Amino acid sequence: MTYTDDNIVFRAPSIDDGAAIHSVVQRTGVLDVNSCYLYLLLSSEFADTCVVAEEDEHLIGFVTGFCPPRRPYSIFLWQIGVDPNAQGKGLGKRLLRAFLDSPGAAQATTLETTISPSNTASQRLFEAIARERGATVSTSEYFREDHFPAGHEAEELYRIAPIR
């Protein structure tokens, strides 16, 4: 899956993208920064359920996800990030669309993700995708604040269905 839209290339990541994804995560200043090793794993072992966006051969955005083993008709979006220099141009929504069209999401009828209560930008993004697809959004408690170390907000589970 590779396509170009408005000079931005959307494609599955390769192992060579792991460090660049890690760097974008750091630059956003809002995403949980995980080890570079994890982004290398996602880029190699979960490439069918991840997408990167490049402009002029520079990685400017990504989305990572997986198919939950206990919910085979769901696709779980783990992180979506847009480089600060590329924000405000609708790239997040385009990445989310590409994620839903990725080979690993082909069987999914439900999109799942977690969003903290204060992250209204992400809430609006996922609600917009639900409207586009004529889907319903449901939310429920998932990770409570006390599941995390001090200083991390709770994460609510968002389920959007049907996505096809």
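Everything below is about the structure printed above this text.
The sections below set out a description of the structure shown in this document. All values derive from a computational prediction rather than experimental measurement.

Quick word on the pairing of strand S3 (residues 51-55)
With 4 of its 5 residues buried, S3 lies for the most part within the structure. Sheet analysis places strand S2 (residues 8-11) next to S3, joined by 3 bridges and oriented antiparallel. Looking at the pairing, Phe10 lines up with Ala53 of S3. Here S3 runs beside strand S4 (residues 58-66); their pairing, made up of 5 bridges, is antiparallel. Residue pairing across strands places Glu54 opposite Leu59, the latter belonging to S4.

Points about a negative patch on the surface
On the surface, a cluster of negative charge is made up of Asp6, Glu55, Asp56 and Glu57. With respect to the element layout, Asp56 can be found in the loop between S3 and S4. Judged by its relative accessible area of 67%, Asp56 falls in the exposed class.

Remarks on the sheet that holds S4
To summarise the sheet geometry, strands pair through backbone hydrogen bonds and adopt either a parallel or an antiparallel arrangement. Ordered in space as S1-S2-S3-S4-S5-S6-S8-S7, the 8 strands form an open sheet in which the pairing is mixed. Every other strand in the sheet has two partners, leaving strand S1 (2-5) and strand S7 (136-143) as the edge strands with one partner each. When the angles between neighbouring strand axes are averaged without regard to direction, this sheet yields 25°. Pairing of S7 with strand S8 (residues 155-161) involves 7 bridges; the strand directions are antiparallel. From the neighbouring strand, Phe143 faces S8, where its bridge partner is Glu155. Strand contacts of helix H3 (residues 91-100): S1, S2, S3, S4, strand S5 (74-82) and strand S6 (110-115), with the helix running at about 150° to S5, the strand carrying the most contacts. Packed onto the sheet, helix H4 (residues 120-133) meets S5, S6, S7 and S8 and runs at close to 170° relative to S6.

A word on helix H1 (residues 18-28)
Within the sequence span of H1, burial applies to Gly18, Ile21, His22, Val24, Val25 and Thr28. For H1, the arc enclosing every buried residue in end-on projection is 160°, short of the 170-degree limit, so these residues lie on one face. Of the surrounding secondary structure, the elements contacted by the buried residues of H1 are helix H2 (36-45), S3, S4 and S5. Residue Gly29 follows H1 closely and has a positive phi angle near 75°.

The rules behind each value
- Residues numbered from 1 in each chain as written.
- Predicted model: local features only at pLDDT ≥ 70, side-chain atom pairs only at ≥ 80, totals over all residues.
- Heavy atoms only, no water.
- Buried < 20%, exposed > 50% of the residue type's maximum accessible area, 1.4 Å probe, protein only.
- Helix = DSSP H or I, 4+ residues; strand = E, 2+ residues; numbered from the N terminus.
- Pairing = 2+ DSSP bridges.
- Patch = residues over 30% accessible without salt bridge, like charges linked within 9 Å, V, L, I, M, F, W, Y side chains within 5 Å.
- Areas by Shrake-Rupley, 256 points an atom, 1.4 Å probe, with all protein chains shown as cover.
- Salt bridge = Lys/Arg side-chain N within 4 Å of Asp/Glu carboxyl O.
- Lys, Arg positive; Asp, Glu negative; His and termini not counted.
- Charge placed at Lys NZ, Arg CZ, Asp CG, Glu CD.
- Axes fitted to C-alpha atoms, helices over the stretch in contact; angles between N-to-C directions.
- Contact = heavy atoms within 4.5 Å.
- Arc of directions from axis to C-beta.

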